[in-house]
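# Coordinate inspection notes
Each chain, letter by letter, is given below.
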Amino acid sequence: MPILTRRLFSTGLCGVVAAAAAPTPLLALTEASAEKLIDALVADINKVIASGKSESGMYKEFERIFARYSDTSYIAAYAMGVDARRASSAQKKAFSKAFQGYISRKYGKRFREFIGGKLEVTGVRKVKSWYEVSTLAYLRGQAPFEVTFHVSDRTGKDLFFNMYIEGVNLLLTERTEIGAMLDRRKGNIDQMIADLKKLS
Amino acid sequence: MKLIFQFRFLFVSLVLTAFLSSCGTQSAESLARGEIFDPYENTNRAMHKFNLGVDKVLFRPASKGYVTIVPPPMVDSFNYFAENLSMPGMIVDSILQGDIKQAGNATARFLLNSTIGFAGLADPATEFGVPAVDTDFGETLHHWGFSEGAYVELPLYGPTTTRDAVGIIVNIFTNPIDFAPTRPVDNLGVWAEIVHRMGDRGRYSDTVDSILYESADSYAQARLLFLQNRRFELAGDDQDANLELYTDPYAIDTEGF
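### Examining the packing of aromatic side chains
Given two aromatic rings, one states the distance between the centres and the angle between the planes to describe the pair. Under the counting rule described, the total for this entry stands at 10 aromatic pairs over all chains. Taken together, a centroid distance of 6.1 Å and an interplanar angle of 45 degrees make the contact between Tyr74 of chain A and Tyr78 of chain A tilted. Linking Tyr74 of chain A with Tyr78 of chain A, this pair stays in helix α4 (residues 72-80), spanning four residues, or about one helical turn. Judged on exposure class, the residue Tyr74 of chain A and its partner Tyr78 of chain A are both buried. Summarising the aromatic geometry, the rings of Phe137 of chain B and Trp144 of chain B are spaced 5.8 Å apart at their centres and angled 90 degrees between planes, so their arrangement reads as edge-to-face. Classification of Phe137 of chain B by relative accessible area gives buried; the value is 0%.

### What about the packing of helix α9 (residues 188-203) of chain B against helix α10 (residues 205-213) of chain B?
Residue and element names in this part refer to chain B. Two elements in contact, α9 and α10, have axes separated by 5 Å at closest approach and are oriented at 85 degrees. Accordingly, the angle class assigned to the pair α9 and α10 is roughly perpendicular. Contacts between α9 and α10 involve Arg201, Gly202 and Arg203 on the former and, on the latter, Ser205, Val208, Asp209, Leu212 and Tyr213. Across the contact of α9 with α10, the residue classes tally to three nonpolar, two polar and three charged.

### With respect to the pairing of strand β2 (residues 158-161) of chain B
All names here are of chain B. For strand β1 (residues 151-154) and β2, the ladder comprises four bridges, and the chain directions are antiparallel. Across the sheet, the residue bridging to Tyr151 is Thr161, located in β2. Where β1 folds back on β2, the antiparallel hairpin that results is connected by three residues, among which Leu156 adopts a positive phi of roughly 65 degrees.

Calculation notes
- Per-chain numbering applies: the sequence of each chain, read as written, is numbered from 1 onward.
- Chain A is the first chain written and ligand 1 is the first ligand written, with later ones labelled in order.
- Owing to the predicted nature of the model, reporting of local features is limited to residues with pLDDT of at least 70; listing and counting of side-chain atom pairs is limited to 80 or more, with chain, interface and lining totals taken over all residues.
- Each side-chain value is derived from all of the structure's non-hydrogen atoms; neither hydrogens nor water enter the calculation.
- A pair of aromatic rings is counted whenever rings of Phe, Tyr or Trp (Trp by its six-membered ring) have centres within 6.5 Å, and the orientation is called stacked for planes under 30 degrees apart, edge-to-face for over 60 and tilted otherwise.
- The helix and strand labels rest on DSSP assignments: H or I over at least four residues marks a helix, E over at least two residues marks a strand, and numbering proceeds from the N terminus.
- Whether a residue is buried, partly exposed or exposed follows from its accessible area with a 1.4 Å probe, protein chains only, as a fraction of its type maximum: under 20%, in between, or over 50%, in that order.
- Under this scheme, a helix contributes an axis fitted over its contacting stretch, all axes are lines through C-alpha atoms, and angles between N-to-C directions fall in the 0 to 180 degree range.
- What sets the label is the angle itself: under 35 degrees gives roughly parallel, over 145 gives roughly antiparallel, 65 to 115 gives roughly perpendicular, and the rest give oblique.
- Residue contacts are counted whenever heavy atoms from the two residues lie within 4.5 Å of one another.
- Residues are grouped as follows: nonpolar covers Ala, Val, Leu, Ile, Met, Phe, Trp, Tyr, Cys and Pro; charged covers Asp, Glu, Lys and Arg; every other residue, Gly included, is treated as polar.
- Any two strands with at least two DSSP-identified bridges between them are counted as paired.

And the structure:
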């Protein structure tokens, strides 16, 4: 599958190309819609970075963005891994909520380094049943690096469910972290959730 | 040049034979699934503890001091200088990988930056549109078909793999810069690299701190980050090399989350 450039989309070819690329016309998710989601996500992130809000104000904004654009239930389920099998539904719910706040603070902090920088969508391609949207991150005084988003419509809505920064996978990183937190607390899920809320 | 090539072949065949016969290897299937092969975990964890100590009392404060005292444009200059010194080695590695275009880019960078770039302190090559080159002997071994080997954390150096560790040793000892007859430049490459690393450690100190000091298991995080990023680097433009590593959004039960 060819990598489609942004320019190709804006010249009106997008409808034709997307229709040719999607095997089932019933599928709501297309290259164009996957790219649209990430374009909107990038625009929102850039807006928050440029807003000059206080740190805690920014984290709130990032939490809103995370909830709006990502498949939060899948990300939380993946991060908990096999331990989810022994978790009660109340624990799963509490974990989802705590995890969203934790992710927003953790990655929001990193986005601070983005001040003065920008993300740019460079291409989309279909992978199995979902789409991969490639972007380049331009940071001040640093060579641009690749950030990739995976978008699926599993939930009925187009949402991103994983992100790779130079090959480093957000889901795997967080599963490792949550797993290590559980190990340290002898597998105590409630304790892990309580501590996750406190983590900055 | 010829001497360097011969030395590399000799050295590599010696070290690799020693390495590969002494340790078990990862199966091809488990490597394709992106699994982690860490048979020396106990030793590695001890080494990680040592490295954390060194970082805490020496490297981190020195690096933070360095980027506080030295103005950012000068830190940039020292980074360019270190990168420029590594170019002759990268020319050799590019040739060994059969990548003539990359060898040309590395040569162009070295010639431009060493002359009109004030002995490498500036980077006019990038302004002229010569692409950045970043390779090493570990990548050459990868091109020659050697698999990653076991994960190792080296003292003072940090995360790597047995294959890349061989690469590091070869790169240090066969840096063509050190073959210059004037003795004082000996090891200049190593010193420049340390300063380069201090610049990065100081500049991205928040991010590095969050991995080393804020995560529940910094050893496991560093290992995962290193291996994923290294595999991504080596896969290059071969996008399908990563396919097996992708997570499937339909493969997990999300009930209740």
